Number of protein chains: 2
Amino acid sequence: MITNDTKRLGAQAFARLNALNAYSDHPDHLERLYLSAAHRKAVDAVALMMREAGFDAVHIDALGTVVGRYEGQSVGRPALLIGSHIDTVKDAGSFDGMLGVIAGIGVVEALHEAGERLDFAIEVLAFGDEENVRFPSNLSSSRAIAGSFDYTTLDGRDENGISLREALIAFGGNPDAIAGIARKKEDVIGYVEMHIEQGPVLDQENRPVGIVTAISGASRRRIIVTGEAGHAGTVPMALRKDALIAASEMALAIEKLGAKAENGVATIGQMQVEPGAVNVIPGRVRFTVDARAPKDAVRQQLVADIEAALRSIAARRHVTVDIQPFYDAPAAPASEAIMQGLAAAIEARQMEARYLPSGAGHDAMVMGALCPMGMLFVRCKDGISHNPAESMTEEDAGLAIAILLDFVRHYRA
Amino acid sequence: MITNDTKRLGAQAFARLNALNAYSDHPDHLERLYLSAAHRKAVDAVALMMREAGFDAVHIDALGTVVGRYEGQSVGRPALLIGSHIDTVKDAGSFDGMLGVIAGIGVVEALHEAGERLDFAIEVLAFGDEENVRFPSNLSSSRAIAGSFDYTTLDGRDENGISLREALIAFGGNPDAIAGIARKKEDVIGYVEMHIEQGPVLDQENRPVGIVTAISGASRRRIIVTGEAGHAGTVPMALRKDALIAASEMALAIEKLGAKAENGVATIGQMQVEPGAVNVIPGRVRFTVDARAPKDAVRQQLVADIEAALRSIAARRHVTVDIQPFYDAPAAPASEAIMQGLAAAIEARQMEARYLPSGAGHDAMVMGALCPMGMLFVRCKDGISHNPAESMTEEDAGLAIAILLDFVRHYRA
């Protein structure tokens, strides 16, 4: 439901999002990697936005996260955290991450303008290391706050040989103060993150927002199918052990199993064919499988079903299959209380609450270990992200911030 | 049927084949590319073998083919040609090509030892440019004799920048005398080539020899399937346009159509997946199709069926498919008279004549335009060729040469 209020919230948010677009390390497109010069400027810009919006205190923590605090009815109460990230991929869009930070600022600004103080404090967090592009250190800035920072990542290096530790010091951060960032459980009452969906579901169903039920867990496997190379002209079809045809049958089985699993997906992203000549029957095919589901039991069953299907196809086609696990991450379920609060705020605007899993990772995944976690997805055009074509409407942004504001006003820890 | 005669023929052939193994351009494996130093030495060795075996005249033609002539009952009669090639691939086996040349020498040696002169002359040809490894000039040495030499190939260069013309002059050949090599149709009464099968059919059926019905024609297509790349976590299975899953379904359809076509084969030898990241749904897949059949009508129908299947799968999966032809060669049928003659010689030894197509190309493909052509396939272990593991038995070689000798003795133009 678009109102004058949501229009105003959308316009303010888009003005801030546009302002952040100026901070790029690349002259021709948006690129703001963790601890880069553009990231440093964006951090200062976000801190200034927070001060102007009426936050009581703003600081930049030891890992470069901007932390703005808006006190509750008395100073020092436990805080509801609202966060997302301001680092980007290379050649990025304007909304992935930034929307959630700007939304938090918009919520606090609205409370401040109305002179409202809640039972709890609000802290807005602008994380810096979500996209996992520059260093081999995924989600380090939110991990530090959640108390799960991995200190070995400080020695990881970017493609220019600069370590995370060196970059952090040059940025103005402090590798020796990371332990002090970690929040105590009694000081936080929840974490909520607004983010573009990065998928097509809401856009296809013509819904502005959706409630995330869980961030899906993921399992990855490397598959090697070995058959028998041969002359494409001289080996009759019935006598072949064609590794690519076997892999093709496996691909279709994986698609079918992915579609059958509850909210599951299964993807073959890479495939290499050997020897790879026009007139030679493939003797070996290597491919990857990425299987995800919001429920761990569903994902584990999906992986087991895929492995069984691969072995069965291999046996029938007289090829061998080698299955190597190389990544397994559990799902992060959203808090029932936060989902219910978001649903109430959505339904109060005469809209239906649409629940969906997040197949992509987010800072919320890590924050869920510290406190109740929830996410509000906002539709983006055609589900496109990580791309300059990433797009969403000002109306949707305003509506989503109004919902978040409503949620915050009614939230009870 | 192994006899003392076939044993002797096999032993002589294997002694000659072993002798030829010495001529390699590589110290560790057999490699004898067209017009190389090793090829030059092999040419001289084959010429000497011919002289010692009782040929009446031996010469090396302008393109490096060794030509040995054994006159008939009078000098200058039309000739039955027996040939194959002595160039090899890199890291080659000992039999591909060489067997057919050595068989021809064995046949003439037997006739000469028995003091037999036939109604026609016999010429044994050791071609030099069959494997198409060094220059972009496929079958140039047999094409010259068949009158279909392509003069533009003289300017084609090897990987060191040496042109075929330059290499030919250095070898001792003569690019200006190529036209003179071409035979008149009235001077030849047939061309017969013995060759290892390079496929598994005879070995699987436990037969020493088979009669080639035709050298299959081949059609090749480049296929580009374009779907929509996307996040492997966020795009539900039902909303995907996965180019690799579409290509996998196409691969299975191609396999099925290849198996259905009479003596047909269809192979996907190359496949590339883009963008090729573990967590990205493939947006584009490129692959090649190689379809062959001994009957042109069957091959053309096979290609049409494959193209229709690809378009239908693409439409159903909401991806696009682009099909680019890049090679089409017609089949070369074997002569009925030669097939019947070979069958009689096989049946005379209490064996069943097994007819099969040749899916691989041979010099016979080109020679068929000059005169009646036929081929006798000899089994090789597991169908392996173009590999040091290429293997056949001395018994089979002796038996096959005895059959060829019998065929020659009874051949009528």
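Keep in mind it's a predicted model, so treat the numbers as computed, not measured. Position numbers for residues count from 1 along each chain, tracking the sequence in the order it is written. The order in which chains are written sets their letters, starting at A; the order in which ligands are written sets their numbers, starting at 1. Confidence filtering applies because this is a predicted model: local features only for residues at pLDDT of at least 70, side-chain atom pairs given and counted only at 80 or more, and all residues used for totals across whole chains, interfaces and linings. Side-chain measures were taken over the full set of non-hydrogen atoms in the model, leaving aside hydrogen atoms and water.

Caption draft 1: Layout of the relation of the copies chain A and chain B. In this comparison the copies share one frame, found by least squares on the C-alpha atoms of residues holding pLDDT of at least 70 in both. For the pair chain A and chain B, the best superposition has an RMSD of 0.1 Å and corresponds to a rotation of 180° with a translation of 0.1 Å parallel to the axis. One copy is carried onto the other by what is essentially a two-fold rotation axis. Using C-alpha coordinates, one finds that chain A approaches the rotation axis most closely at Ser248 of chain A, a distance of 2.2 Å. Whether two residues are in contact is decided by their heavy atoms, any of which lying within 4.5 Å being enough. In this assembly, 100% of the residues forming the interface of chain A have copies in chain B that are likewise at the interface, indicating an isologous arrangement.

Caption draft 2: The pairing of strand S1 (residues 57-60) of chain A, seen in detail. Residues and elements named next belong to chain A. When S1 meets strand S2 (residues 66-70), the two strands line up antiparallel, connected through 4 bridges. Across the sheet, His59 pairs through a bridge with Val67, a residue of S2. Hairpin geometry of S1 and S2 is characterised by an intervening segment of 5 residues between the two adjacent antiparallel strands and by a positive phi of about 90° at Gly64. The rule for pairing is simple: two strands pair if DSSP sees at least two bridges between them. Helix numbers and strand numbers start at the N terminus; a helix is a DSSP run of H or I with at least 4 residues, a strand a run of E with at least 2.

Caption draft 3: Fine view of the pattern of salt bridges. Salt bridges are defined as contacts in which a side-chain nitrogen from Lys or Arg sits within 4 Å of a carboxyl oxygen from Asp or Glu. Summed over the entire model, instances satisfying the criterion amount to 58 salt bridges over all chains. Across the pair Arg16 of chain B and Glu109 of chain B runs a salt bridge, and its minimum N-O distance is 2.9 Å. One end of the pair, Arg16 of chain B, is in helix H1 (residues 4-20); the other, Glu109 of chain B, is in helix H3 (residues 98-113), with 93 residues separating them in the sequence. Overall, the relative accessible area of 13% leaves Arg16 of chain B in the buried class. It is possible to trace a salt-bridge network through shared partners that takes in Arg221, Asp296, Arg299, Glu307 and Asp328 of chain A. Buried residues are those whose accessible area, probed at 1.4 Å on protein chains only, stays under 20% of the maximum for their type, while exposed residues exceed 50% and partly exposed ones sit between those limits.

Caption draft 4: Region of the structure containing the side chain of Glu249 of chain A. Within the element layout of this structure, Glu249 of chain A appears in helix H7 (residues 243-260). Looking at Glu249 of chain A, the relative accessible area reads 15%, which means it is buried. Pairs of N or O atoms within 3.5 Å make up the polar contacts considered here, provided that, within protein, one atom can donate a hydrogen while the other can accept it, and that residues adjacent in sequence are counted only when both atoms are side-chain atoms. There is a polar contact of 2.6 Å between the side chain of Glu249 of chain A and the side chain of Arg316 of chain A. In contact with Glu249 of chain A, other than residues within four places in its own chain, are Ile313, Arg316 and Arg317 of chain A together with Leu252 of chain B.

Caption draft 5: Region of the structure containing unusual backbone geometry. Here Glu274 of chain A and Pro275 of chain A are connected by a cis peptide whose omega angle stands at 0°. Structurally, Pro275 of chain A can be placed in the loop between strand S10 (271-274) and strand S11 (280-281). A positive phi angle, close to 55°, is found at His386 of chain A, a residue other than glycine. Here Leu139 of chain B, not a glycine, exhibits a phi torsion of approximately 60°, which is positive. Here Leu139 of chain B shows up in the loop between strand S4 (121-127) and helix H4 (140-146). Owing to a relative accessible area of 2%, Leu139 of chain B belongs among the buried residues under this scheme.

Caption draft 6: Local environment of the packing of aromatic side chains. Two aromatic rings from Phe, Tyr or Trp, using only the six-membered ring of Trp, form a pair when their centres are within 6.5 Å; if the ring planes differ by under 30 degrees the pair is stacked, by over 60 it is edge-to-face, and anything between is tilted. Counted according to the given criterion, the structure contains 12 aromatic pairs over all chains. Taking 6.5 Å as the distance between ring centres and 90° as the angle between the ring planes, the aromatic pair formed by Tyr34 of chain A and Phe135 of chain A counts as edge-to-face. One end of the pair, Tyr34 of chain A, is in the loop between helix H1 (4-20) and helix H2 (37-53); the other, Phe135 of chain A, is in the loop between strand S4 (121-127) and helix H4 (140-146), with 101 residues separating them in the sequence. A residue is classified by how much of its surface remains accessible, and Tyr34 of chain A, at 2% relative accessible area, is buried. Each ring, one from Phe149 of chain B and one from Tyr151 of chain B, has its centre 4.9 Å from the other, and the planes form 80°; the classification is edge-to-face. Arg117 of chain A extends its terminal NZ or CZ atom over the ring of Tyr70 of chain A, reaching a point 4.1 Å from the ring centre. Whether a charge sits over a ring comes down to the Lys NZ or Arg CZ being within 6 Å of the ring centre and within 35 degrees of the ring normal.

Caption draft 7: Structural detail: the side chain of Arg220 of chain B. With respect to the helices and strands, the residue Arg220 of chain B is situated in strand S7 (residues 217-226). Residues within four places of Arg220 of chain B in sequence aside, it is in contact with Val278 and Asn279 of chain A together with Val289, Asp290, Arg292, Gln324, Pro325, Phe326 and Tyr327 of chain B.

Caption draft 8: A look at the confidence of the model for chain A. Each residue carries a pLDDT score, the predictor's confidence in it, ranging from 0 to 100. Per-chain confidence: chain A averages 96 in pLDDT, with 100% of residues scoring 70 or above. On the interface metric, ipTM, the complex scores 0.88, and its pTM is 0.88.

Caption draft 9: How the structure looks around the interface of chain A and chain B. The partner chain B presents 48 residues to the 48 residues of chain A that form the contact. Here chain A meets chain B over a buried area of about 4,000 Å², counting both sides, of which 66% is carbon and sulfur. At the boundary of chain A with chain B, the tally comes to 2 salt bridges. Of all the secondary-structure elements, those providing two or more residues to the side of chain A that touches chain B are helix H6 (201-205), H7, strand S9 (265-267), S10, S11 and strand S12 (284-293) of chain A. For the side of chain A that touches chain B, the element with the most residues is H7 of chain A, which contributes 9 residues. Three categories are distinguished: nonpolar for Ala, Val, Leu, Ile, Met, Phe, Trp, Tyr, Cys and Pro, charged for Asp, Glu, Lys and Arg, and polar for the others, with Gly belonging to the last. Residues of the side of chain A that touches chain B, tallied by class, amount to 24 nonpolar, 16 polar and 8 charged. Accessible area that two parts lose when put together, evaluated with a 1.4 Å probe and summed over both, is termed the buried area.

Caption draft 10: Quick peek at the packing of H1 of chain A against H2 of chain A. All names here are of chain A. Axes here mean lines fitted to C-alpha atoms, for a helix over just the part in contact, with angles spanning 0 to 180 degrees between N-to-C directions. Two elements in contact, H1 and H2, have axes whose closest approach is 10 Å; the angle formed by their N-to-C orientations is 155°. In terms of orientation, H1 lies roughly antiparallel with respect to H2. Handedness of the H1/H2 crossing: right-handed. Contacts from Arg16, Ala19 and Leu20 of H1 reach H2 at Ala42, Ala45, Val46, Met49 and Ala53. The class makeup of the residues in the contact of H1 with H2 is 7 nonpolar, no polar and 1 charged. Comment on the angle field: the value is read as roughly parallel under 35 degrees, roughly antiparallel over 145, roughly perpendicular from 65 to 115, and oblique elsewhere. What makes a crossing left-handed is the near helix being turned counterclockwise from the far one by less than a right angle; a clockwise turn instead makes it right-handed.

Caption draft 11: Fine view of H1 of chain A. Residue and element names in this part refer to chain A. Expected span of a helix, by definition, is 1.5 Å for each gap between consecutive residues, and there is one gap fewer than residues. For H1, which comprises 17 residues, the first-to-last C-alpha distance of 25 Å matches the rise-based estimate of 24 Å (1.5 Å per residue) to within 8%. Where H1 is concerned, the buried positions are Thr6, Leu9, Gly10, Ala13, Phe14, Arg16, Leu17 and Leu20. Down the axis of H1, the buried set is contained in an arc of 165°. They therefore lie on one face. Exposed positions of H1 whose direction lies more than 90 degrees from the buried face are Asn4 and Asn18. Buried residues along H1 sit against H2, helix H3 (98-114) and helix H11 (394-410). Note that the arc is defined by the directions from the helix axis to the C-beta atoms.

Caption draft 12: Molecular detail of the pairing of strand S3 (residues 79-85) of chain B. Residue and element names in this part refer to chain B. In terms of burial, S3 is a largely internal element, 7 of the 7 residues being buried. The two faces of S3 match: Ala79, Leu81, Gly83 and His85 on one face and Leu80, Ile82 and Ser84 on the other face are all buried. A crossover links S3 with its parallel partner S4, the connecting element being H3, and its sense is right-handed. Here S3 pairs with strand S5 (residues 188-196) via 4 bridges, running parallel. Along S5, the bridge assignment pairs Ile82 with Val192. Consider the strands pointing away from the viewer: the crossover is right-handed when the path from the first strand over the helix to the second runs clockwise.

Caption draft 13: How the structure looks around the domain arrangement of chain A. All names here are of chain A. When its domains are assigned, chain A resolves into domain 1 (4-215 + 331-410) and domain 2 (217-329). Its C-alpha centre places domain 1 at a distance of 37 Å from the equivalent point of domain 2. Contacts between the two partners involve 6 residues from domain 1, matched on the other side by 8 residues from domain 2. Note on domain 1 versus domain 2: buried area summed over both sides is about 440 Å², and carbon and sulfur give 52% of it. Put simply, domain 1 and domain 2 have 0 salt bridges between them. Applying the counting criterion to the domain 1 and domain 2 interface returns 2 residue pairs in polar contact (both at pLDDT 80 or more). The source of the domain bounds is an automatic or database domain assignment.

Caption draft 14: Representation of the environment of Phe127 of chain A in the model. Residues and elements named next belong to chain A. Inspection of the secondary structure assignment puts Phe127 in strand S4. Linking Phe127 and Val67, residues 60 residues apart in sequence, is a C-alpha distance of 8.7 Å. Those residues in contact with Phe127, other than ones at most four positions away along the chain, are Thr65, Ser84, His85, Ile86, Asp87, Ser141, Ser142, Ile145, Tyr191, Asp363 and Met367.

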